[in-house]
Amino acid sequence: MGLGRRRSGKRTGEPSEAEGAGAVASRDETDRDIPVAEPGTPEARTSAAPSVSALWSDGVGRAGTRSVQVLAIVALVAVAVFAITRLTLIVIPVLIALVLAAAISPLVSLLRRKGVPSFLATVVALLALVAVLGVVVWLVVAAVVNQWPELRDQAIDGFDELQAYVQDLPFQITEEQIASVRDSLVGLLQSDAVGAGALAGASQTVDFVAGFFVMVVVLFFFLKDGPAIWEFMLRPFEGARYERGQRIGDTTVRTLGGYVRGTAIVAAVDAVAIGIGLAIVGVPLVIPLSVLVFLLAFIPLVGATLAGILCALVALVAVGPVEALIVVAIVIAVNQLEGDLLQPVVMGRTLRLHPLVILVALTAGTVLAGLTGAVLAVPIAASIWRAIQVWDGPDLPARFARQKRHEVVDGAPASS
């Protein structure tokens with residue numbers, strides 16, 4: 001059998017003589033049209049992988065891809081936040097210097113236009129800022145040192161009056177509870193607890209002094225060479241990206257400067273008005289409380305409330321509950337005038353953020369950097385939003401931030 005097949009010289013699949021040369025040629029052409037991948041080649045592996053790629057092409061696969069991307073972004077942000085929290089001695093002074101440079105840069109520009117050399121104009125602006133801060137600190141310290149004994153005596157007398165007042169309240173407060181609180185308060189006022197706390201915070205004081213000098217040095221260079229520094233940072237970019245960097249830099253400086261100058265004007269008016277009211281009522285420590293009102297005004301939403309509470313507490317323990325209620329009324333009236341009249345005129349549209357965004361920024365800043373973070377969080381958030389608004393052009397926001405549908409006002413659609 002096998003011998004006969006070998007003798008015939010035919011193999012399985014070969015055409016017979018009857019099929020002719022045409023059939024052979026047709027089969028050769030068909031074989032050439034159907035490529036056959038060799039085992040182990042990339043073509044063979046690709047042909048065997050459609051089922052694997054299909055796993056990532058459906059909805060679940062796309063969701064998984066996006067999840068991995070989101071996790072990568074979150075990890076990057078977490079690393080950046082960790083680095084910032086470990087480098088606060090550098091990051092915080094640089095941010096403060098940036099905000100102050102944006103605020104007082106118009107003074108430096110004015111001096112330069114008047115023909116003052118750049119170095120001298122920067123030194124004059126810095127000396128003016130340091131002089132103002134020094135005068136404010138001196139006034140606060142002098143007022144506290146001079147009026148502290150009087151405030152201590154007034155606080156004890158005021159607590160005695162408060163003790164007589166609370167005895168007529170509908171709920172019961174025992175004499176033992178009142179006496180315990182009074183003894184604690186007198187002991188605190190007559191002790192050196194404040195000084196001991198200051199000594200315990202010596203390391204924080206050293207960090208503050210070091211950060212202050214870093215801030216002054218960085219502020220000097222920002223005022224003197226700010227545009228040149230930003231131009232150097234934009235060197236890797238060309239064309240549209242370079243123009244975008246220029247827009248972001250100019251917008252950030254204008255936003256930060258407008259916010260700080262506007263807030264300072266509003267805060268100064270609040271401090272003067274509330275200080276006059278405190279002096280009329282007879283509350284001690286008028287200057288320190290006025291400075292505190294000025295500083296807390298830089299914390300949106302909650303700053304005015306905290307200032308009013310502190311002023312009312314001082315009035316309560318120093319002069320009595322009736323005067324404390326008068327102080328509360330003064331603070332509320334000043335804040336209403338500020339919010340309805342002064343702030344819209346002075347601030348304009350500098351801070352175009354939703355109150356919820358402001359609250360989230362305040363919380364994040366406070367968690368990361370305490371009180372300093374609360375002060376810096378809102379202007380930085382406003383600057384980021386303004387940068388997004390000029391991302392693709394002077395009046396063209398980034399694609400994701402563009403208005404895509406009609407705005408809704410009080411539940412009804414409004415024309416955009």
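Reference entry: report on the structure contained in this document.

1. So, the nonpolar core
By size, the foremost hydrophobic cluster in this structure holds 48 residues, and its most contacted members are Leu219, Leu223, Ile274, Leu278, Val283, Cys311 and Val327. Contributions of two or more residues to this core are made by α6 (88-113), α7 (118-166), α10 (202-233), α11 (239-281), α12 (286-296), α13 (303-318), α14 (321-347) and α15 (355-389). The biggest single contributor to this core is α15, with nine residues. Look past the residues within four positions of Leu223 in its chain and what remains in contact with it is Ala101, Ile104, Ser105, Val108, Arg112, Thr122 and Leu126.

2. Let's talk about the environment of Ile287
Within the secondary structure layout, Ile287 lies in helix α12. In this structure Ile287 comes out as partly exposed when scored by relative accessible area, which is 40%. Distance from Ile287 to Ala143, taken between C-alpha atoms, is 6.8 Å for residues 144 residues apart in sequence. The contacts of Ile287, once residues within four sequence positions are left out, are Leu139 and Ala143.

3. Looking at empty space enclosed by the protein
Using a probe with the size of a water molecule, rolled over the atoms, empty space left in the structure can be pinpointed. All chains considered together, the criterion is met by one cavity of 30 Å³ or more. Approximately 40 Å³ is the volume found for the largest cavity. Every residue lining the largest cavity is listed: Leu126, Leu129, Val130, Leu133, Phe212, Met215, Val216 and Leu219. Residues belonging to the lining of the largest cavity are distributed by class as follows: eight nonpolar, no polar and no charged.

4. Examining the pattern of salt bridges
Scanning the entire structure with this criterion turns up three salt bridges. A salt bridge links Arg244 to Asp392; the nearest nitrogen and oxygen atoms lie 3.3 Å apart. Of this pair, Arg244 sits in helix α11 while Asp392 sits in the loop between α15 and β1 (407-409), placing them 148 residues apart in sequence. The residue Asp392 makes a salt bridge to Arg402 at a minimum N-O spacing of 2.8 Å.

The rules behind these values
Residues numbered from 1 in each chain as written. Predicted model: local features only at pLDDT ≥ 70, side-chain atom pairs only at ≥ 80, totals over all residues. Heavy atoms only, no water. Core = buried A, V, L, I, M, F, W, Y, C linked by side-chain atoms within 4.5 Å. Buried < 20%, exposed > 50% of the residue type's maximum accessible area, 1.4 Å probe, protein only. Helix = DSSP H or I, 4+ residues; strand = E, 2+ residues; numbered from the N terminus. Contact = heavy atoms within 4.5 Å. 1 Å grid on protein atoms, 1.4 Å probe; cavity = no way out; pocket = protein on both sides within 12 Å on 5 of 7 lines; lining within 4 Å. Points joined across faces, edges and corners; volume = space filled by probe spheres on them. Nonpolar A, V, L, I, M, F, W, Y, C, P; charged D, E, K, R; others polar. Salt bridge = Lys/Arg side-chain N within 4 Å of Asp/Glu carboxyl O.

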